[in-house]
Amino acid sequence: MTVTASASGTRPRPAQTWLLVWAAALAVVLVVFLLQDSLPWAVNYPAEAIVPVADWVSALMRWIKINLSWLTRSITAVLGVPLDFALDLLAKNFKIGHGADAYVLPRLSWIGICAAAFVAGHAAGGRKLGMLVGGCFLYIALFGQWTSAMLTLALISIAVPFCIATGLFVGIWAWRKPWAERLVVSPALDLMQTIPTFAYLIPMLLLFGNSPVSAMIATAIFATPPMVRATMLGLSRVPSEIEDFSEMAGCTARQKLWRVLLPSARPTLMVGVNQVIMLALNMVIIASMIGAGGLGYDVLLALRALKVGEAMEAGLAIVALAIALDRLSQAIAANHAKGHVHRQVQPAFWQRNLTLAVAILIVTTLLGLFVPAFAAVPKAITFTTAPLWKAAVNWVTINFFDVVEAFRVALILNVLNPVRAFCEGFPWLGAVFLLGLAGYQLSGLRLAALVAVLTAFCAVTGLWEKTMATVYLCGISAFIACLIGIPIGLMAARSDRFEKVITPVIDTLQVLPSFCFIIPVVMLFRVGDVTAMIATIAFAVVPAIRYTNHGIRQVPPALIEAAKVSGCTPRQTFFRVQLPLALPEIMLGVNQTILMALAMIIICAMVGTRDLGQEVFIALSKADSGRGIVAGLAIAFIGIVADRLFNAWTAKARARLG
């Protein structure tokens, strides 16, 4: 008989007992729903019992703004110095003096930056990577997006080092102090990674105003967690023999950390750097709403004006910048991981390439003083595809309007509306009870209490209806994304040829900024839940594919050989050996799909969804910090509940499978 046990040390319960427990629990919830006229407080949280957390947060933010304005102004002034320098260096011009006598020094030449990008790519990964990275920058220039792209790059160039340094020191502290990691760092990282991006903007706007500095701070907060996690993971994976050897060599604690442990953990740290760059680039787009400018602002303006061509061009420029930075940082990380360059040769190797890149930048920038084509991209060589994008969307709309509209209406009437009605009518007390029961079954009282409290928060703050609207849309989107992604991942795992075809597709989907998923869909399906669902599916399908493919391929070959020796057919080997052993990895992919769907659903508030994302969006437009932060916490708690339950289930499955 299959036996399940809670991690809290309680007596194991047979699976049949848990089936009876769940049947009884569901029956109780059904009775509560049927008796909602007699027990209205158990179905809809009473308005008179709502806790005014939003008012408390707003009052706290007002107090901070009034009493600590000197601090926020000082931070703005300090951070503004390097940011202004980067903006002048890459996107604007240096002005020395004032008025008519001011002398202008040019920004870095676009030709020099493209050439320097090629040199960096060639040094990190050879000629092919150099052509890719340099070609991405050249693409941005030829499509007339250079100045906007450089504004975005300038903000990233200041935010990313700040994120790396902060994440490194916090990660070291958490690694050295397990209590700090357990009580402070991990909960803070969970909140930072699950609170929607819009919610970061509200306190930044209130405290630091509508400025690039405000956008940079929001970007830094959002992009720091991967570096913290990578630092903790990298240091924990350093072999104990290396630590023992450094102690035997007489190293002090500081020398052991900086000269032995961190260099040994460098490959993992570089993966964290790569993730910081990608998250910073994604956040910069959203931060354009509070003064970041750049490509994100161009996308927002085009979306508001429904100019699909201009929006797609700015979005593709973001993709080109993301691909260049992603591939370059991945190549550098791979070099560190593989020991690609000998340690004694590496400094001289990079010094030569760095000297060459700086020389190219200086020469081309000086030439820009005499040759205008070096200073700014000549309009004669730029071109646009905006009319083509607009014509394509218009052609699809005209020729397939009836089909698209019939699909949209059928989806709304037959799927979305019934599921939404079910979720919004679900008793809040029943949801708290059932999720708490799931947490108890999977991991004991501690997880049950955490899940129940976080779920109850959404009700006691008066956000239950919008919470369930978010759950409904996120749930449908994640479910369909898994239905699409898991079979594709299985096909990729069974066919190397298919994997080579699908890998570039999912790589492209992964680097596309979230706004780029909305642009074409909103033109075809207009605003509403259907648009949000389709865009979310496209955004969230990647983890389901990747984790399924990885899970199947990481099954030990010895087990597959043993199955073949036992007489299993390829089909039996796949379904009875590989798939069960890969199930924990596949469920991790489902977990990540849910979290990505939740993040995208919030951004889809811009296209008319009526959920917690809309609450955050309205709060941002009104600068209502309390309303926005509480709605953001509710969204974060949905993500944390899903994450904890799936992680507990996965840990249990791994333990059962050995």
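Predicted, not measured: the structure shown is a model, and the values here were computed from it.

Parameters and conventions
- Residues numbered from 1 in each chain as written.
- Predicted model: local features only at pLDDT ≥ 70, side-chain atom pairs only at ≥ 80, totals over all residues.
- Heavy atoms only, no water.
- Helix = DSSP H or I, 4+ residues; strand = E, 2+ residues; numbered from the N terminus.
- Buried < 20%, exposed > 50% of the residue type's maximum accessible area, 1.4 Å probe, protein only.
- Contact = heavy atoms within 4.5 Å.
- Areas by Shrake-Rupley, 256 points an atom, 1.4 Å probe, with all protein chains shown as cover.
- Lys, Arg positive; Asp, Glu negative; His and termini not counted.
- Charge placed at Lys NZ, Arg CZ, Asp CG, Glu CD.
- Core = buried A, V, L, I, M, F, W, Y, C linked by side-chain atoms within 4.5 Å.
- Phe/Tyr/Trp six-rings, centres within 6.5 Å; stacked < 30°, edge-to-face > 60°.
- Lys NZ or Arg CZ within 6 Å of the ring centre and 35° of its normal.

A word on the overall build of the protein. Regarding its fold elements, the protein presents 29 helices and four strands. Considered along the principal axes of its C-alpha atoms, the protein spans approximately 85 × 60 × 60 Å. Per-residue burial over the protein gives 48% buried out of 658 residues. At a minimum sequence separation of 6, the contacts of the protein that also span at least 24 residues come to 79%. Within the structure as shown, the protein displays about 32,100 Å² of accessible surface, and the carbon and sulfur contribution to it stands at 68%. Taking the average location of the 47 positive side-chain charges in the protein and that of its 30 negative ones, the two points are 6 Å from each other.

Next up on the list: the environment of Leu303. Here Leu303 shows up in helix α15 (residues 294-304). According to the relative accessible area criterion, Leu303 is buried, its value standing at 14%. For the pair Leu303 and Leu579, spaced 276 residues apart in the sequence, the C-alpha separation amounts to 43 Å. In this structure Leu303 touches Phe515 and Ile519, once residues within four positions along its chain are discounted.

A word on the environment of Ala563. Looking at where Ala563 falls in the secondary structure, it is placed in helix α26 (residues 557-565). The class for Ala563 is buried, based on a relative accessible area of 6%. Sequence-wise, Ala563 and Met278 are 285 residues apart; in three dimensions their C-alpha atoms are separated by 42 Å. Those residues in contact with Ala563, other than ones at most four positions away along the chain, are Cys568, Thr573 and Val577.

Let us now look at the nonpolar core. Counting 187 residues, the largest nonpolar core has Phe137, Trp146, Met150, Leu201 and Ile518 as the members making the most contacts within it. The biggest single contributor to this core is helix α16 (residues 308-338), with 16 residues. Excluding residues within four positions of it along the chain, Ile518 makes contact with Ala535, Met600, Ile603, Cys604 and Val607. Leu490, Ile552, Phe574 and Ile586 belong to the second-largest nonpolar core, a separate cluster that totals six residues.

All chains considered together, the criterion is met by eleven aromatic pairs. Relative to Phe400, the ring of Trp395 lies with its centre 5.6 Å away and its plane at 70°, an arrangement referred to as edge-to-face. An aromatic cluster is built from Tyr139, Phe143 and Phe383, whose rings are joined through pairwise contacts. A cation over an aromatic ring shows up here: Arg494 above the ring of Phe574, its NZ or CZ 4.4 Å from the ring centre.

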